[in-house]
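# Working through the structure, step by step
Spelled out, the chains give:
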Amino acid sequence: MLNNQSPPRVIRVLLPTPMRRGFDYLLPADCQVQEGARVRVPFGKGSRIGLVAALDVAPQVEADKLKAIDEVLDAAPVLPAALGKLVRWAADYYLHSAGDAWQQALPVLLRQGAPASGEEGIWQLSADAAKAAVPKNASKQLAALARLQAGELSDFDLAEQSFDRATLRTLADKGLVTLSHRRQQGQPFWTSPLVVNPGPRPNSEQAVAITAINSAKGFAPFLLEGVTGSGKTEVYLSAMSETLKAGKQVLVLVPEISLTPQTLRRFQKRFEVPMALLHSGLTDKERLSVWRQARDGELGIVIGTRSAVFTPLARPGLIIVDEEHDASFKQQEGFRYHGRDLAVVRAQLEQVPLVLGSATPALESLANAQAGKYQKLTLNQRAGGASQVRFDLIDIKHQPLTAGLSPPVLAAIKAHLGRGEQVLVFLNRRGFAPTLLCHECGWIADCQRCTAYPTVHRGRQRLICHHCGSDRPLPHQCHSCGSTQLVGVGLGTEQLEVELTALFPDYKAVRIDRDATRRKGSLESALDGIRQGQYQLLIGTQMLAKGHHFPDVTLVVLLDVDGALYSADFRAAERLAQLVVQVAGRAGRANKPGRLLLQSHHPEHPLLSQLLTNGYGAFAEEALVERRQTLLPPFSAQALFRSDALKAEDAQSLLEAIGQRLQQSAPQGGWVLGPLPAPLEKRAGKYRFQLWVQYQDKKVLRQWLAPLLAELEAQPPHRRANWTLDLDPIDS
Ligand code: ADP
Ligand code: ZN
Ligand code: ZN
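Residues numbered from 1 in each chain as written. Chains lettered and ligands numbered in written order. Predicted model: local features only at pLDDT ≥ 70, side-chain atom pairs only at ≥ 80, totals over all residues. Heavy atoms only, no water.

## What about the overall build of the protein chain?
A tally of regular secondary structure across the protein chain gives 21 helices and 32 strands. The C-alpha radius of gyration of the protein chain comes to 29 Å, within 12% of the 27 Å expected for a compact globule of 732 residues. Dimensions of the protein chain along its principal axes, counting C-alpha atoms only, are 90 × 65 × 65 Å. Long-range contacts, defined as pairs at least 24 residues apart, comprise 75% of the intrachain contacts of the protein chain with a sequence gap of at least 6. Computing the positive centroid from 83 side-chain charges and the negative centroid from 72, the protein chain places the two 2 Å apart. (Helix = DSSP H or I, 4+ residues; strand = E, 2+ residues; numbered from the N terminus. Rg over C-alpha atoms; globule rule 2.2 N^0.38 Å. Contact = heavy atoms within 4.5 Å. Lys, Arg positive; Asp, Glu negative; His and termini not counted. Charge placed at Lys NZ, Arg CZ, Asp CG, Glu CD.)

Structure representation (structure tokens):
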């Protein structure tokens, strides 16, 4: 079959499957390929694009059973060396399929085989296109011709406009259409003069931080802790300025898409240098274009959310992670990596300084600083000179509540509004009421697909499950007794808005949550309205707590903090503390200090009072002592197996089997807990269980798990349930 002069070469290819292994293929004699290049290979009935993991391997199956690759797509590795190492490191660390990991690290078009050079195939009508050659029933071809009348089509646009290459190929063969190639290419940013506009003179704390970062050589991780308004962004800008002047690129990771435009504007004011934003609104083509420009050094600054950690850079010089404590850096499905943690590894691989900034650093990061792994830089003053926010804890035991608000809180709202100031009321629950209940018989409307109650949305007149998204019209009658006495129980932001508007009719209220800002542009216009003083009462969820600064807000009210104090989740107190500080940071300015009121039934809670009297730093120190005593992360490592199935016993028995195997190979001190039902036991029609695994040392934990994963893939206990593994889980 093959010529016998030299033995056939066998290569190992990573394919985008969940399987934690490579696949072997023959390399045809006339083919050259490098490790890290993409290849197209036959797989099942079709073909897949994979990445060459190794050359000249000893095949896992007999050589005459191997198929040959179809095509080599890259002459060189598709990712720069350090980034390729990062992806390999991540797959290995998270015990995830390497094929899936590198797939996640690439822009969609590259996963589909587009040239990494940025070269585009351009389809145009040929000069003498005569439609006569197209049969009347060839509707696809006619549609493509009609579309081309309006202008050229790029290869990258084909899928989006639902045309396929085969159709255009046919038209080209008939001479109706031509294919040409275009390559977009600019100049590296360092070949043009750099303009840096002046910023404010750094204060002494900022100067210390800036000097430390700018004099760092090679890998140097910094934890920059400073309350909102303390001038962290100014520190970033100064450090970026040095990096750009040295002709090197800056990568900035931010938690939220909605924050990126405002960060970008600030950067654009300071630097006249090409920069780009990677956000979910980009088309695949735009995304590839940013990727290529970053790789070729055309961009000085790249800003993006967690997946931007995989952006290739020609000359990396600095990595910044803003709001590093934010949970949205953790990818919660598929390849469950933590963008911040990978940024640390990337900085190490690239040998560049790294700045993790936050007003409320994650306990993990603080522990790293305590252990001397990160250098801590602290900004204590508010840079603009604004005073600190004053905290007050309101004990609401035995107090009458109106719209969830106690009399002292209502009085405070009235006083602040009366002075012409803005008030922000924060409640992390959208909708009108979290449950719908029959007043006659006690029946509660439930979600048919989840162990959860759907939320009443009065404006839309629907009952919506916030866990699976299913919705139905608001019932008018009880399903059990037929009574029409249905009442919403509990408080959501929608109801809060209605009630506050009724209580304070002379002031204008605005609500900011996912429902109120669904229309494009509505968030921006609400935020503009707040800044211009059109609204006095601001009601919102989490969305209001992040990034935006409202200098005219002088009173912030936080309802419902008790849930977090007494949660089964050991991170709940940390999250609450971060939320309190973040929300407080949104308010006030120099001449109008802010005030924060928290309502609680447990004002004596030790962590809460530590936070309010001594601040986040003191809270964090105490919380770390607690974590150390109880051997919880960051003083141990955890892994979480999750399973789901249509039948509860299937989801449970799968984890039981996994748990048994883990017990058999457990290292001394290794700890397995479960299976337990997930906090939301049934979601979208599937039952969910989880199994916790813990060990003091990360490396040993992974060595314990790794052989089991291979075994589970080869011989799963049964296939009636799915399982996933989450390493360093941050929620359950
Ligand atoms: P953070 O990122 O910590 O929230 P910023 O860098 O955005 O803080 O600073 C808050 C405000 O204070 C901004 O308006 C900024 O321009 C201003 N500011 C920061 N540093 C200084 C400084 N050294 N002198 C004067 N104003 C400053
Ligand atoms: Zn549901
Ligand atoms: Zn009833």
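And the narrative resumes.
## A word on the pattern of salt bridges
Counted according to the given criterion, the structure contains 39 salt bridges. Glu 421 serves as the salt-bridge partner of Arg 419, at 3.6 Å between the closest nitrogen and oxygen. Owing to a relative accessible area of 53%, Arg 419 belongs among the exposed residues under this scheme. Arg 642 serves as the salt-bridge partner of Asp 731, at 3.8 Å between the closest nitrogen and oxygen. In this pair, Asp 731 is assigned in the segment after strand E32 (722-727) and Arg 642 in strand E29 (residues 637-645), connecting sequence segments 89 residues apart. On the accessibility criterion, Asp 731 (30% relative accessible area) is partly exposed. One network of salt bridges, in which partners are shared, links Lys 330, Arg 336, Arg 642, Asp 726 and Asp 731. (Salt bridge = Lys/Arg side-chain N within 4 Å of Asp/Glu carboxyl O. Buried < 20%, exposed > 50% of the residue type's maximum accessible area, 1.4 Å probe, protein only.)

## Structural notes on the sheet that holds strand E25 (residues 509-512)
What the six strands build is an open sheet, ordered E18-E28-E27-E19-E26-E25; its pairing is parallel. Unpaired on one side and paired on the other, strand E18 (390-395) and E25 mark the two borders of the sheet. Each strand axis lies, on average, 20° off the axis of its neighbour in the sheet, ignoring direction. Across four bridges, strand E19 (residues 422-426) lies against strand E26 (residues 537-540) in parallel orientation. Bridge pairing in E26 links Leu 424 to Leu 538. Packed onto the sheet, helix H13 (residues 407-418) meets E18, E19, E26, strand E27 (553-558) and strand E28 (595-600) and runs at close to 160° relative to E27. (Pairing = 2+ DSSP bridges. Axes fitted to C-alpha atoms, helices over the stretch in contact; angles between N-to-C directions.)

## A look at the pairing of strand E16 (residues 353-358)
Across the six residues that make up E16, a large majority, six, are buried. Of the two faces of E16, the one holding Pro 353, Val 355 and Gly 357 and the one holding Leu 354, Leu 356 and Ser 358 are both buried throughout. By the bridge criterion, six bridges tie strand E10 (residues 220-226) to E16 in an arrangement that is parallel. Within E16, the residue paired with Leu 224 across the bridge is Gly 357. As defined by bridge partners, strand E15 (residues 316-322) adjoins E16 across four bridges and the pair is classed as parallel. Bridging from a neighbouring strand, Asp 322 pairs with Gly 357 of E16. Once the chain exits E15 it traverses helix H11 (residues 339-350) before rejoining the sheet at E16, and the crossover so formed is right-handed. (Right-handed = clockwise from strand over helix to strand, strands pointing away.)

## Considering the site of ligand 1
Every one of the 16 residues lining ligand 1 counts as a neighbour, but Arg 201, Gln 206, Gly 229, Thr 233 and Arg 266 are closest to it. Separating an oxygen atom of ligand 1 from a backbone N or O atom of Ser 230 is a distance of 3.4 Å. At 2.5 Å, a side-chain N or O of Thr 233 approaches an oxygen atom of ligand 1. Burial of ligand 1 by the protein chains amounts to 69% of its free accessible area of 550 Å². At three residues, helix H8 (residues 232-245) tops the list of elements feeding residues into the shell around ligand 1. Looking at the shell around ligand 1 residue by residue, the classes come out as four nonpolar, eight polar and four charged. (Near = heavy atom within 4 Å. Polar contact = N/O pair within 3.5 Å; in protein donor to acceptor, adjacent residues only side chain to side chain. Areas by Shrake-Rupley, 256 points an atom, 1.4 Å probe, with all protein chains shown as cover. Nonpolar A, V, L, I, M, F, W, Y, C, P; charged D, E, K, R; others polar.)

## Here we look at the coordination of the zinc ion (ligand 2)
Cys 447 (SG), Cys 450 (SG), Cys 465 (SG) and Cys 468 (SG) make up the full set of protein donors to the zinc ion (ligand 2), lying at 2.2 to 2.4 Å. If you look at the zinc ion (ligand 2), its four donor atoms make angles of 105 to 115° with each other, and the shape they trace is tetrahedral. Read in sequence order, the donor residues coordinating the zinc ion (ligand 2) give the pattern C-x2-C-x14-C-x2-C. (Donors = N, O, S within 2.8 Å, 3.2 Å for Na, K, Ca; no water. Tetrahedral: all angles 85-135°; square planar, octahedral: opposite > 155°, others 65-115°.)

## Here's the deal with the coordination of the zinc ion (ligand 3)
Distances from the zinc ion (ligand 3) to its protein donors, namely Cys 438 (SG), Cys 441 (SG), Cys 478 (SG) and Cys 481 (SG), fall within the range 2.2 to 2.4 Å. Between the four donor atoms coordinating the zinc ion (ligand 3), the angles at the centre fall across 104 to 112°, so the site counts as tetrahedral.

## A short note on the pairing of strand E30 (residues 671-683)
Looking at chain direction, E30 and strand E31 (residues 686-695) are connected through seven bridges and run antiparallel. Paired with Leu 676 across the two strands is Gln 690, which belongs to E31. What sits between the antiparallel neighbours E30 and E31 is a turn of two residues, in which Ala 684 has the positive phi angle 50°.

## Concerning H11
Taking 1.5 Å as the rise per residue, H11 with 12 residues should run 16 Å; its terminal C-alpha atoms sit 16 Å apart, in good agreement. With nine of 12 residues buried, H11 lies mostly within the body of the structure. Those residues of H11 that fall on the buried side of the exposure criterion are Gly 339, Arg 340, Leu 342, Ala 343, Val 344, Val 345, Arg 346, Ala 347 and Glu 350. Buried residues along H11 sit in contact with helix H1 (81-93), strand E11 (249-253), E15, E16 and helix H12 (363-370). Of the residues one or two after H11, Gln 351 is the one with positive phi, at around 60°. (Expected span 1.5 Å × (residues − 1).)

## Overview of helix H21 (residues 698-714)
When the terminal C-alpha atoms of H21 are compared, their 25 Å separation across 17 residues agrees well with the 24 Å that a helix rising 1.5 Å per residue should span. The complete set of buried residues in H21 reads Leu 701, Arg 702, Trp 704, Leu 705, Leu 708, Leu 709 and Leu 712. N-capping of H21 is provided by Asp 697, with a side-chain oxygen placed 3.0 Å from the backbone N of Lys 699.

## Focus: the sheet that holds E29
Spatially, E30-E31-E29-E32 is the arrangement adopted by the four strands of the open sheet, whose pairing is antiparallel. Here the strands that pair on one side only, and so sit at the sheet edges, are E30 and E32. Recorded for the sheet is a direction-independent mean angle of 20° between the axes of neighbouring strands. Here E29 pairs with E32 via six bridges, running antiparallel.

## Quick notes on the nonpolar core
One finds Phe 310, Leu 558, Phe 641, Ile 658 and Leu 662 to be the most contacted residues of the largest nonpolar core, which totals 120 residues. Sort the elements by how many residues they give to this core and helix H19 (residues 606-629) lands first, with nine residues. Not counting residues within four places of it along the chain, the set of residues in contact with Ile 658 comprises Phe 641, Leu 691, Leu 708, Leu 712 and Trp 723. Grouped together as the second largest cluster of nonpolar side chains are 30 residues, Ile 213, Leu 224, Ala 239 and Val 355 included. (Core = buried A, V, L, I, M, F, W, Y, C linked by side-chain atoms within 4.5 Å.)

## Comments concerning the side chain of Arg 346
In this fold, Arg 346 is placed in helix H11. Not counting the four nearest positions on each side in its chain, Arg 346 is found in contact with Leu 83, Leu 86, Leu 251, Val 309, Phe 310, Thr 311, Pro 312, Leu 313 and Ile 319.

## Considering the packing of aromatic side chains
Enumeration over the complete set of coordinates arrives at nine aromatic pairs. Ring centres of Tyr 616 and Phe 619 lie 5.7 Å apart, and the angle between their planes is 40°; this geometry places the pair in the tilted category. Taken as a pair, Tyr 616 and Phe 619 lie in helix H19 at a separation of three residues, close to a single helical turn. Taken as a pair, Tyr 616 and Phe 619 share a single burial class, namely buried. The rings of Trp 89, Tyr 93, Tyr 94, Phe 310, Phe 335 and Tyr 337 are connected pair by pair, giving a single aromatic cluster. (Phe/Tyr/Trp six-rings, centres within 6.5 Å; stacked < 30°, edge-to-face > 60°.)

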